Amino acid sequence: MGKNILIVTGSPRVGGNSDVLAEAFAKGALEAGHSVRTFAAGRADIKPCKVCNACKTTGKCVFDDDFRKVEPMLAEADVIVLSSPIYWYDISAQLKLVIDKFYSTKAQQHIQESVLILCGAVEKERFDGAVQVYKRICEGSVGWKDRGVILAGKCSAIGDAVKHPAYNEAYELGKNI
């Protein structure tokens, strides 16, 4: 039986390199018989968590924003893929908004495994801060099993991702998840 995979993309740029790498992962996963859904956080309207704690009483965030669209997807997912461009040595603010809103829900508790896909103009060695935060989230906060980290450094112009070795890495990881 296939896995339910949720890909959350963080790029505001339609067809950007992190989207392309996420699509390569999705293609491999679909070919392997898994179910794949994608939520484009980079183009969603999500308000930042203000830690008002109303969600702890009511079970939902006080903001009626696009996080409500991804919440049911989180509840059904076995695997989550976080895909983002690197902005200032970190994931995009748009993807971080989704992660921060995990505070308001228990929907992500079903997720067992995760993948991180990052791309950016700088060398991939400079992605270390974002990778370390992802690993801490997996190990400490949510208990996801990290299934892989794909890094595409020196990848900034639209179309660079298709020619980058990370494209095939993403496809193969999707096939073998």
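Structure: see above.
An account of the accompanying structure is given in this report. These numbers come from a predicted model, not from an experiment.

Criteria and thresholds
- Residue positions within a chain follow its written sequence, with the count starting from 1.
- Where local features are concerned, this predicted model is filtered to residues with pLDDT of at least 70; where side-chain atom pairs are given and counted, the filter is 80 or more; whole-chain, interface and lining totals use all residues.
- As a rule here, side-chain values cover all heavy atoms of the structure and leave hydrogens and water aside.
- For two strands to count as paired, DSSP must find a minimum of two bridges between them.
- Each helix is a run of H or I in the DSSP string that is no shorter than four residues. Each strand is a run of E no shorter than two, and both are numbered from the N terminus.
- Only the stretch in contact is used when fitting a helix axis, every axis being a line fitted to C-alpha atoms; angles between N-to-C directions are given from 0 to 180 degrees.
- Burial classes follow relative accessibility: with a 1.4 Å probe on protein chains only, a residue under 20% of its type's maximum area counts as buried, one over 50% as exposed, and anything between as partly exposed.
- In what follows, a contact means two residues having at least one pair of non-hydrogen atoms within 4.5 Å.
- Residues belong to a common nonpolar core when they are buried Ala, Val, Leu, Ile, Met, Phe, Trp, Tyr or Cys residues joined through side-chain atoms within 4.5 Å.
- Multiply 1.5 Å by the residue count of a helix minus one, and that product is the helix's expected span.
- Convention used here: a crossover is right-handed provided that the path from the first strand, over the helix, to the second strand proceeds clockwise when the strands point away from the viewer.
- As defined here, a cavity is a set of points on a 1 Å grid over the protein atoms alone where a 1.4 Å probe fits but cannot get out. A pocket is an open set with protein on both sides within 12 Å along at least five of seven lines, and residues line them when an atom is within 4 Å of a point.
- Grid points are joined across faces, edges and corners, and a volume is the space filled by probe spheres set on the points.
- Think of it as three bins: nonpolar holds Ala, Val, Leu, Ile, Met, Phe, Trp, Tyr, Cys and Pro, charged holds Asp, Glu, Lys and Arg, and polar takes everything else, Gly as well.

### Regarding the sheet that holds strand β5 (residues 145-152)
- Sheet architecture is open: five strands sit in the order β2-β1-β3-β4-β5, paired in parallel fashion. Each edge of the sheet is formed by a strand with only one pairing partner; in this case those strands are β2 (35-40) and β5. On average, each strand axis in the sheet is tilted by 15° relative to the strand beside it, whichever way the strands run.
- Across five bridges, strand β1 (residues 4-9) lies against strand β3 (residues 79-85) in parallel orientation. Paired with Thr-9 across the strands is Ser-83, a residue of β3.

### Thoughts on the environment of Ala-24
- Counting through the fold element by element, Ala-24 comes out in helix α1 (residues 17-31).
- Judged by its relative accessible area of 2%, Ala-24 is buried.
- Separated by 46 residues in sequence, Ala-24 and Val-70 have C-alpha atoms that sit 21 Å apart.
- Setting aside its immediate chain neighbours within four residues, Ala-24 contacts Tyr-167, Ala-170 and Tyr-171.

### A look at the nonpolar core
- Among the nonpolar cores identified, the biggest contains 29 residues, and Val-8, Phe-39, Leu-74 and Leu-82 are the most heavily contacted of them.
- Elements represented by at least two residues in this core include exactly β1, α3 (67-76), β3, α4 (93-100), β4 (113-119) and α5 (128-142).
- In terms of residue count, the dominant contributor to this core is α5 (five residues).
- Look past the residues within four positions of Val-8 in its chain and what remains in contact with it is Phe-39, Ala-41, Ile-80, Val-81, Leu-82, Ser-83, Leu-95 and Val-98.
- Ile-5, Leu-21, Ala-24 and Tyr-171 belong to the second-largest nonpolar core, a separate cluster that totals 23 residues.

### Considerations on unusual backbone geometry
- Here Val-51, not a glycine, exhibits a phi torsion of approximately 50°, which is positive.
- Within the element layout of this structure, Val-51 appears in the loop between β2 and α2 (54-58).
- One non-glycine residue, Lys-154, adopts positive backbone phi at about 55°.

### Section: α1
- A rise of 1.5 Å per residue sets the reference length of α1, with its 15 residues, at 21 Å; its end C-alpha atoms lie 21 Å apart and thus fit the reference within 8%.
- Within α1, eleven of the 15 residues are buried, which leaves it mostly tucked inside the rest of the structure.
- Buried within α1 are the following residues: Asn-17, Ser-18, Asp-19, Val-20, Leu-21, Ala-22, Ala-24, Phe-25, Ala-26, Gly-28 and Ala-29.
- Backbone geometry just after α1 places Gly-33 at a positive phi near 95°.

### Brief notes about the pairing of β3
- Here β3 lies mainly inside the structure; seven of its seven residues are buried.
- With burial as the criterion, each face of β3 is covered, one bearing Val-79, Val-81, Ser-83 and Pro-85 and the other bearing Ile-80, Leu-82 and Ser-84.
- Pairing between β3 and β4: seven bridges, direction parallel. Following the sheet pairing, Ser-83 is matched in β4 by Ile-117.
- Remark: the β3/α4/β4 crossover connection has right-handed handedness.

### Things to note about empty space enclosed by the protein
- Inspection of every chain in the model, using the stated rule, returns two cavities of 30 Å³ or more.
- As a volume, the largest cavity reaches approximately 70 Å³.
- Lining of the largest cavity is provided by Cys-49, Lys-50, Val-51, Cys-52, Asn-53, Cys-55, Cys-61, Val-62, Phe-63 and Ser-104.
- For the lining of the largest cavity, the per-class residue count stands at seven nonpolar, two polar and one charged.
- Lining the second largest cavity are Gly-59, Lys-60, Cys-61, Phe-63, Asp-65, Phe-67, Arg-68, Glu-71, Lys-101 and Ser-104.
- Here the residues of the lining of the second largest cavity sort into three nonpolar, two polar and five charged.

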